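Okay, here's what each chain looks like letter by letter:
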Amino acid sequence: MRITIDGPAGSGKSTVAKEVSKRLGIPYLNTGLVYRAFAYVCMQEGLEDERDILRLFERPPHVVPQVGETLVYYQGKEISPLLSSEDVGRVASIIASYPSFRERINEFFRSLMNHKQFVAEGRDAGSFIFPDADIKFFITASVEERAMRRYKQLKAQGIEITYEDVLRALVERDERDKNRPLYPFLPPKDAIVIDTTNLSVEEVVERVLSQLREYNRKL
Ligand code: C5P
């Protein structure tokens, strides 16, 4: 089964997608992590020009979607643990606003997951990357709740930041993601929407799994 989980930053989609991947034993593709990997390489190599960034697809980061996690390597080194900072997220959202970059990275995702069963998660996993997925979810929550979750996550990773800074960065990133002229961030039309503001992770996972059971019954 090909499952997509879309949603804004901090909606809890990564946590839910990881858990669904584990329960079903199918690979998990975290598309945001791959955007971040490209952003990290741009930062390391000082790339800002769109054309130079596109040339990274000649030697892209090596992405390994596994059950419950996505691993990313660059030049033989695992870089997945280096990608969670706000700085990398900010650069990721800048390169994500280049239409030619999105086109290339979407092709990259499709060839990576060709013919496989998977859970793919990201802002546009179901709307643009895998429009023909079998079942699509859109997971969301209020902006304040999303900022609070992200703040706690960063704190737990030992990153020094205030809640206000996280909220500001989130609002800014939401705006940039929503307003890009091509590939704007919108829920897929055929997605099942789940608002997680007042739900625990387990409750959200249960809702997703029950929709999947329902889908399989109808097959
Ligand atoms: O999900 P995450 O915060 O790790 O993604 C980092 C950035 O990459 C997002 O703010 C967004 O701009 C971009 N992104 C995207 N489309 C995706 C995944 C990530 O535009 N499918």
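The rules behind each value
- Residues numbered from 1 in each chain as written.
- Predicted model: local features only at pLDDT ≥ 70, side-chain atom pairs only at ≥ 80, totals over all residues.
- Heavy atoms only, no water.
- Pairing = 2+ DSSP bridges.
- Helix = DSSP H or I, 4+ residues; strand = E, 2+ residues; numbered from the N terminus.
- Axes fitted to C-alpha atoms, helices over the stretch in contact; angles between N-to-C directions.
- Contact = heavy atoms within 4.5 Å.
- 1 Å grid on protein atoms, 1.4 Å probe; cavity = no way out; pocket = protein on both sides within 12 Å on 5 of 7 lines; lining within 4 Å.
- Points joined across faces, edges and corners; volume = space filled by probe spheres on them.
- Nonpolar A, V, L, I, M, F, W, Y, C, P; charged D, E, K, R; others polar.

> Which parts of the structure should I look at to understand the sheet that holds strand 7 (residues 135-140)?
Pairing between the strands of a sheet is mediated by backbone hydrogen bonds and can be parallel or antiparallel. With respect to topology, five strands assemble into an open sheet ordered 2-6-1-7-8, the strand pairing being parallel. Each end of this open sheet is capped by a strand with a single partner; those strands are strand 2 (28-30) and strand 8 (192-195). The sheet shows a mean angle of 20° between the axes of neighbouring strands, direction not considered. Across three bridges, strand 2 lies against strand 6 (residues 118-121) in parallel orientation. When the sheet's bridge partners are listed, leucine 29 is paired in strand 6 with alanine 120. Against the sheet, helix 2 (residues 31-45) makes contact with strand 2 and strand 6, and its axis sits at roughly 45° relative to strand 2, the strand it touches most. Packing of helix 9 (residues 201-218) onto the sheet brings it into contact with strand 1 (2-6), strand 7 and strand 8, and relative to strand 7 it is tilted by some 160°.

> Would you mind showing me how to read the layout of surface pockets here?
Unoccupied space between atoms shows up once a probe the size of one water molecule is rolled over them. Empty space within the largest pocket amounts to approximately 1,100 Å³. Contributing to the lining of the largest pocket are 48 residues, with Ser14, Asn30, Glu121, Arg150 and Gln153 lying nearest its centre. The residue makeup of the lining of the largest pocket, split by class, is 14 nonpolar, 19 polar and 15 charged. Its volume calculated, the second largest pocket comes out at about 150 Å³. Take the lining of the second largest pocket: its biggest share by element is three residues, from helix 4 (residues 86-95). A breakdown of the residues in the lining of the second largest pocket according to their chemical character gives eight nonpolar, one polar and one charged.

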